[in-house]
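Close look at the chain arrangement
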Amino acid sequence: MKRFDFQFALLFVLAIMVLPFRATCRVGSKRSVAHHFNSRFAILFVLGLMALPYGAYSEGDVILLDNQSLNAVANLPQAQAGDYAIWAWSKDAVSIDILIGDKIFHIPPKDKAQEGAYSWKNAGTISIEKPQNLFLRVYSNLNGRVLAQKTVGWLAVSKTADWNPERYFDCAKIFPKSDGAVNDRRLKPVRRIEDFYPFPDYGQNREKWLERKQSLNDHIFVSMGAFPQPQKTPLNANIFGRIERDDYTVEKVYFESFPGFYATGNLYRPKGKPGPFPAVLCPHGHWEQGRLVNTDNNSIPGRCINFAKQGYVCFAIDMVGYVDSKQIEHRWGGPAEWLWGLSAHGLQFWNSVRAVDFLESLPDVDRERIACTGASGGGTQTYTLMAVDRRIKAAAPVNMLSAHYQGGCICENAPNLRVAANNVEYGAMMAPRPLMMVSCTGDWTNETLRVEYPAIRSIYALFGAEDKVRTIQIDADHNYNRLSREAVYAAFGDWVLGEKDASKFKEQDFTVEKDDDLRVFSGDLPSNAKNLQQLVDYFKEQSENQLQEVFPDNEFKLQAMRRRFHTSLQHVLSISFPSRSDLSIERVGYVKQSAFDVEKIILGRKGAGDQIPGELFIPKQPSESAQGTVLVHEKGKSAFIDPQTGAPGTLLQSLLDSGQEVFLPDVFMTGEYDSPFQKAVRDENVSMFLTYNQTETALWAQDILTSLAYLDSRFEVEKIHLAGVGDAGLWCLLAAPFAPQLQSVAVDAAKFISGEDEPFLQRLFVPGLRRAGDVRAAQALLAPIPLLIYNTGDVFSMEWAKQSYRAALSPDSLLVMKESAAPEKIASWLNEAK
């Protein structure tokens with residue numbers, strides 16, 4: 001590496017120190033730090049450094065400025081003494097003038113220029129006698145002072161007289177002569193609440209559905225922060241305030257779903273009948289009065305009274321933040337809580353699980369006959385619970401199961417929940433247990449008879465259980481009105497009580513108690529009631545305890561750790577290793593060099609809409625061991641190319657010299673995702689974005705897997721390796737456990753502070769990542785694959801990796817370096833691991 005230019009570095013640091021950041025709040029995005037300096041000088045130097053391998057910058061290096069920096073900077077700051085060659089990558093059909101100091105460089109239009117074509121032009125040289133700041137501007141009309149907006153894509157300033165930027169661009173870019181960038185569909189919201197999701201066709205393949213169902217089961221638990229399930233602590237249930245009516249009773253209930261966190265509600269029981277009784281859990285939706293609502297449109301007490309009259313024990317439970325659930329507001333939570341898998345939806349889900357525990361604990365409840373029904377948000381709670389809790393023997397989600405609307409509240413949208421999944425699939429998970437689908441004409445369930453019901457019935461058909469799923473549509477607006485309730489009474493009467501005569505389940509008249517007589521807490525909460533921060537702290541502590549339960553200090557725990565965290569980590573990331581047939585490979589160029597060839601491609605997965613610009617370097621003399629490496633840099637593939645010579649940098653060249661094929665991808669939002677004129681920006685401005693879309697961190701990991709799959713698909717490559725530089729080392733670490741046949745891994749820990757939340761929020765954000773074991777689980781899952789982790793400093797924990805490699809009887813396969821690793825060291829590691 002060349003001598004670092006102290007003066008340039010000092011100016012760069014000062015520019016950062018004195019000029020403020022532009023706030024962006026792009027959680028988990030590397031670009032939220034380096035991409036948004038509100039500083040002309042910072043933009044200039046950041047872009048210059050991005051073009052150079054490993055951040056090197058010296059008197060002999062090249063400064064590359066893209067169009068945005070040209071339009072932002074006013075000076076070529078602190079230019080050193082010497083002669084500089086000036087190059088412009090500009091539109092061929094337009095003349096431009098470059099003003100540096102008091103010197104004008106004129107570039108005329110090319111004769112017979114093709115429309116929209118760009119190329120490099122040598123504008124001339126400038127001599128600078130002493131270090132100074134020089135005024136810099138690029139005009140498409142100097143006299144009119146018209147700045148070059150879409151005319152000049154790049155300006156290069158080089159002290160190397162024979163430097164030719166075309167050599168660099170030929171090796172560094174797949175679009176060397178175009179102002180375009182990839183058109184990756186993931187830059188837009190891929191999924192959203194209101195989108196229609198067609199139900200997959202499983203045909204007659206029951207095994208295929210069962211495999212999918214298991215994956216969905218795991219995905220729900222992981223998304224809810226309940227994988228592994230939290231410890232079921234004592235409920236400490238308190239049932240009191242009994243009100244007796246002729247044929248039923250009403251009581252007040254609270255119990256601890258977590259220690260110090262209270263679920264609340266009313267318990268309705270039959271009176272004058274022998275038990276044990278079946279039970280019904282009744283969550284409510286977003287009606288203002290919660291479980292106390294009693295209108296023509298919906299009556300929770302009326303439903304519960306009638307269930308009790310029919311012979312059920314019925315528990316009406318509060319949503320978090322409603323009526324007596326006062327500890328936490330209903331709409332709460334954000335990235336800091338999501339990082340640990342704790343969300344409003346997840347907390348309500350856990351309340352529902354513990355509510356079933358509560359019902360099972362009652363001596364007058366038949367544990368084999370527990371049902372659940374709710375409408376709207378209560379319908380979401382119903383299908384979420386019934387999908388994964390086999391104790392629910394019959395269910396009726398009302399006015400919620402829809403293929404084109406997924407639920408509008410944060411309490412229905414746990415992060416990650418509907419990445420590559422939707423409500424209708426979750427509803428089908430009830431099969432073959434009895435399911436009643438109630439819809440209406442006045443909301444998003446108006447197509448249930450035509451769309452959702454046939455889809456779910458097709459899954460019941462795989463079990464020969466078509467008679468166990470029913471549907472009815474009520475001509476009304478969004479509701480759980482009398483007609484809807486009577487349909488559920490009749491269905492449950494058949495499936496739970498064994499009475500097929502629907503006429504026996506017409507709703508009886510009822511009188512609702514006064515609200516004050518149904519409320520659980522009239523004054524203060526119990527003394528041990530937790531506030532939100534205390535609940536979050538408890539949840540984190542419990543998660544860490546469960547992580548330590550499988551700390552791999554022996555082979556048995558290593559296997560347990562692998563089973564648990566391979567599942568949880570894969571589901572929080574929602575990533576997979578594509579098959580050869582899943583890959584989309586578009587070849588867009590080919591460059592021949594004396595010692596290697598470069599194949600330029602746009603890589604993706606069929607149907608995913610991703611476009612990964614990549615370059616495959618193929619040595620003219622491949623090794624007999626048929627090896628290949630995927631190299632990933634946080635700034636894109638060009639960071640592995642020497643901008644002065646256009647030749648491979650040290651790491652890339654070392655691998656090519658050993659005969660390896662090397663694939664350099666621009667993973668999501670890096671490299672040629674930007675055009676010279678515009679930075680790629682991801683549109684996240686939709687409701688509940690993270691419920692339906694992966695974070696950038698997860699997409700980086702997926703693109704790394706897709707790149708590995710591409711290299712593995714090449715018949716001449718039998719052994720594949722992976723290396724990541726800068727923050728890309730962390731991305732590679734998360735992806736590597738899910739790539740089969742990896743021979744070795746070398747990653748830059750980038751001095752990531754792995755024991756604190758803030759670095760994850762800013763640099764490596766994925767909801768649930770810390771609950772899933774974060775980078776500790778990832779490094780442990782790699783044992784015994786040869787793993788080099790460097791640049792750990794004293795802040796990146798390696799305890800899990802060291803213990804896992806010892807438990808796997810391969811301690812020598814792990815090399816940890818506190819300092820940075822030289823490119824030759826990385827190449828040696830990747831070459832020797834065969």
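Residues numbered from 1 in each chain as written. Predicted model: local features only at pLDDT ≥ 70, side-chain atom pairs only at ≥ 80, totals over all residues. Heavy atoms only, no water.

Structural notes on the overall build of the protein chain
To keep things clear, this is the line we draw: Only DSSP runs of H or I covering at least 4 residues are called helices, and only runs of E covering at least 2 are called strands; the numbering of each starts at the N terminus. Only the C-alpha atoms count toward the radius of gyration. The rule for a globule is 2.2 Å times the residue count to the power 0.38. Residue burial is assigned from relative accessible area. The probe radius is 1.4 Å, only protein chains are included, and a residue is buried under 20% of its type maximum, exposed over 50%, and partly exposed in between. Residues count as neighbours in contact if any of their non-hydrogen atoms are within 4.5 Å of one another. Note on areas: these come from Shrake-Rupley sampling with a 1.4 Å probe, and a residue is covered only by the protein chains present in the view.
Scanning the protein chain from terminus to terminus reveals 24 helices and 27 strands. On C-alpha atoms alone, the protein chain measures out to a radius of gyration of 31 Å, which is about the 28 Å that the 2.2 N^0.38 rule sets for 834 residues. For the protein chain, the spread of C-alpha atoms along the principal axes amounts to about 105 × 65 × 55 Å. Taken across its 834 residues, the protein chain has 62% of its residues classed as buried. When contacts within the protein chain are restricted to residue pairs at least 6 apart in sequence, those whose partners lie at least 24 apart make up 75%. On the protein chain, roughly 31,500 Å² of surface is accessible, and the fraction owed to carbon and sulfur atoms is 49%.

Quick notes on the pattern of salt bridges
Stated formally: By salt bridge we mean one thing: a side-chain nitrogen of Lys or Arg within 4 Å of a carboxyl oxygen of Asp or Glu.
Under the counting rule described, the total for this entry stands at 48 salt bridges. Asp364 is the partner of Arg269 in a salt bridge, and the nearest nitrogen-oxygen pair spans 3.0 Å. Of the two residues, Arg269 is situated in strand β12 (residues 261-270) and Asp364 in the loop between α9 (344-361) and β15 (365-375); the sequence distance between them amounts to 95 residues. Between Lys504 and Glu499 there is a salt bridge; the shortest N-O distance is 3.3 Å. A relative accessible area of 25% places Glu499 in the partly exposed class.

What about the packing of helix α16 (residues 555-573) against helix α22 (residues 774-781)?
Under the convention used in this document: Helix axes are fitted to C-alpha atoms over the stretch in contact, other axes to C-alpha atoms as well, and angles between N-to-C directions run from 0 to 180 degrees. Angles below 35 degrees are treated as roughly parallel, those above 145 as roughly antiparallel, those between 65 and 115 as roughly perpendicular, and all remaining angles as oblique. Handedness of a crossing follows from how the near helix is turned relative to the far one, being left-handed for an anticlockwise turn of less than a right angle and right-handed for a clockwise one. When residues are sorted by character, Ala, Val, Leu, Ile, Met, Phe, Trp, Tyr, Cys and Pro go into the nonpolar class, Asp, Glu, Lys and Arg into the charged class, and all the rest, Gly among them, into the polar class.
Across the interface, α16 lies against α22 with an axial gap of 10 Å and an inter-helix angle of 125 degrees. Here α22 runs oblique to α16, going by the angle between their axes. Every pair of crossing elements has a handedness; the one defined by α16 and α22 is left-handed. Of the residues in α22, those in contact with Leu558, Met561, Arg562, Phe565, His566 and Leu569 of α16 are Asp774, Ala777, Ala778, Ala780 and Leu781. Here the residues of the contact of α16 with α22 are counted per class, giving 8 nonpolar, 1 polar and 2 charged.

Some thoughts on the sheet that holds strand β17 (residues 435-442)
Defined as follows: Strands were regarded as paired on the criterion that DSSP finds at least two bridges between them.
Read across the sheet, 9 strands follow the order β10-β11-β12-β14-β13-β15-β16-β17-β18 without closing on themselves; strand pairing throughout is mixed. In the strand order of this sheet, the two ends are held by β10 (238-244) and β18 (469-477), each with one partner. Between one strand axis and the next, the sheet turns through 20 degrees on average, direction left out of account. With 2 bridges joining them, strand β16 (residues 392-398) and β17 adopt parallel strand pairing.

With respect to helix α5 (residues 165-172)
Within an α-helix, residues lying three or four positions from one another point in the same direction, as the helix has 3.6 residues per turn. Operational definition: By the criterion applied in these results, polar contacts are pairs of N or O atoms within 3.5 Å in which, for protein atoms, one can donate a hydrogen and the other can accept it, and in which residues neighboring in sequence qualify only through two side-chain atoms.
When we look at burial in α5, the residues that qualify are Pro165, Tyr168, Phe169, Cys171 and Ala172. Residues of α5 that are buried make contact with β1 (62-66), β3 (82-91), β6 (118-128), β9 (152-158), β20 (596-605) and β21 (612-619). The opening residue of α5, the one whose side-chain oxygen lies 2.9 Å from the backbone nitrogen of Glu166, is Asn164.

Comments concerning unusual backbone geometry
Of note, the bond from Phe227 into Pro228 is cis; its omega dihedral lies within 30 degrees of zero at -5 degrees. Mapped onto the elements, Pro228 comes out in the loop between α6 (206-223) and β10. Backbone torsion omega between Ala431 and Pro432 reads 5 degrees, so that peptide bond is classified as cis. Looking at where Pro432 falls in the secondary structure, it is placed in the loop between α11 (423-428) and β17. A positive phi angle is found at Lys751, which is not glycine, with a value near 50 degrees. With respect to the helices, strands and loops of the structure, Lys751 is situated in the loop between β25 (742-748) and α21 (757-763). The exposure class of Lys751 is partly exposed, given its relative accessible area of 43%.

Details of the packing of α22 against helix α23 (residues 799-807)
Put simply, α22 and α23 touch, their axes get as near as 8 Å, and they point 25 degrees apart. Between α22 and α23, the crossing angle belongs to the class labelled roughly parallel. Like other packed secondary-structure pairs, α22 and α23 cross with a definite hand, here right-handed. The segment α22 lies against α23, with Arg776, Gln779 and Ala780 engaging Glu799, Trp800, Ala801, Ser804 and Tyr805.

Description of the sheet that holds β1
The antiparallel open sheet is built from 4 strands, whose spatial order is β1-β9-β3-β6. The two strands at the open ends of the sheet, each matched to only one other strand, are β1 and β6. Averaged over all neighbouring strand pairs, the angle between strand axes comes to 20 degrees, with direction disregarded. Of the pairings in the sheet, the one linking β1 to β9 comprises 5 bridges and is antiparallel in character.

Observations regarding the confidence of the model for the protein chain
Should the pLDDT be low somewhere, the predicted coordinates at that spot are not to be read in detail. To keep things clear, this is the line we draw: Confidence per residue, as judged by the predictor, is encoded in pLDDT with a range of 0 to 100.
Residues of the protein chain with pLDDT of at least 70 account for 92%, and the chain-wide mean is 90. Of the regions scoring below 50 in pLDDT, residues 1-60 engages in 122 contacts with residues more than four places distant in sequence or in other chains.

Details of the side chain of Asp774
Within the element layout of this structure, Asp774 appears in helix α22. By relative accessible area, which is 0% here, Asp774 ends up buried.

Description of empty space enclosed by the protein
Stated precisely, the cut-off is as follows: Points on a 1 Å grid, built from protein atoms alone, make a cavity when a 1.4 Å probe fits but cannot get out and make a pocket when they are open with protein on both sides within 12 Å along at least 5 of 7 lines; residues with an atom within 4 Å of a point are the lining residues. Grid points are joined across faces, edges and corners, and a volume is the space filled by probe spheres set on the points.
Under the criterion given, the structure shown has 6 cavities of 30 Å³ or more. Taken as a whole, the second largest cavity encloses approximately 70 Å³ of empty space. Along the walls of the second largest cavity sit Val222, Ser223, Trp338, Gly341, Leu342, Ser343, Pro415, Asn416, Val572, Pro767 and Gly768, which together make up its complete lining.

Details of the packing of aromatic side chains
Rules: The aromatic pairing rule takes the rings of Phe, Tyr and Trp, using the six-membered ring of Trp, and pairs them if the centres are within 6.5 Å, calling planes under 30 degrees apart stacked, those over 60 edge-to-face and the rest tilted. Sitting over a ring, as applied to charges here, requires NZ of Lys or CZ of Arg to be within 6 Å of the ring centre and within 35 degrees of the ring normal.
Enumeration according to the criterion identifies 30 aromatic pairs in this entry. Taken together, the aromatic side chains of Trp87, Trp89, Tyr118, Trp120, Trp154, Trp163, Tyr168, Phe169 and Phe677 make up a single cluster linked through ring pairs. Against the face of Phe169 rests Lys173, its NZ or CZ located 5.2 Å from the ring centre. Seen from the ring of Tyr197, Arg191 lies directly overhead, with NZ or CZ sitting 4.1 Å from the centre.

Thoughts on the environment of Arg771
Its place among the elements puts Arg771 in the loop between α21 and α22. For the pair formed by Arg771 and Asn183, sequence separation is 588 residues and the distance between their alpha carbons is 34 Å. At 3.0 Å, the side chain of Arg771 and the backbone oxygen of Gly225 are in polar contact.

A word on the pairing of β21
Note on strand geometry: in a regular strand, side chains alternate between the two faces of the sheet. Counting buried positions over the 8 residues of β21 gives 8, a clear majority of the element. Here β21 shows no split at all, with Ile612, Gly614, Leu616 and Ile618 on one side and Pro613, Glu615, Phe617 and Pro619 on the other all buried. Relative to β21, β20 is paired through 8 bridges, and the arrangement is antiparallel. Directly across from Glu599, in β21, lies its bridge partner Leu616. Hairpin geometry of β20 and β21 is characterised by an intervening segment of 6 residues between the two adjacent antiparallel strands and by a positive phi of about 85 degrees at Gly607. Sheet topology note: the β21/strand β23 (residues 661-665) ladder contains 4 bridges and is antiparallel. Within the sheet, the bridge partner assigned to Leu616 lies in β23 and is Phe663.

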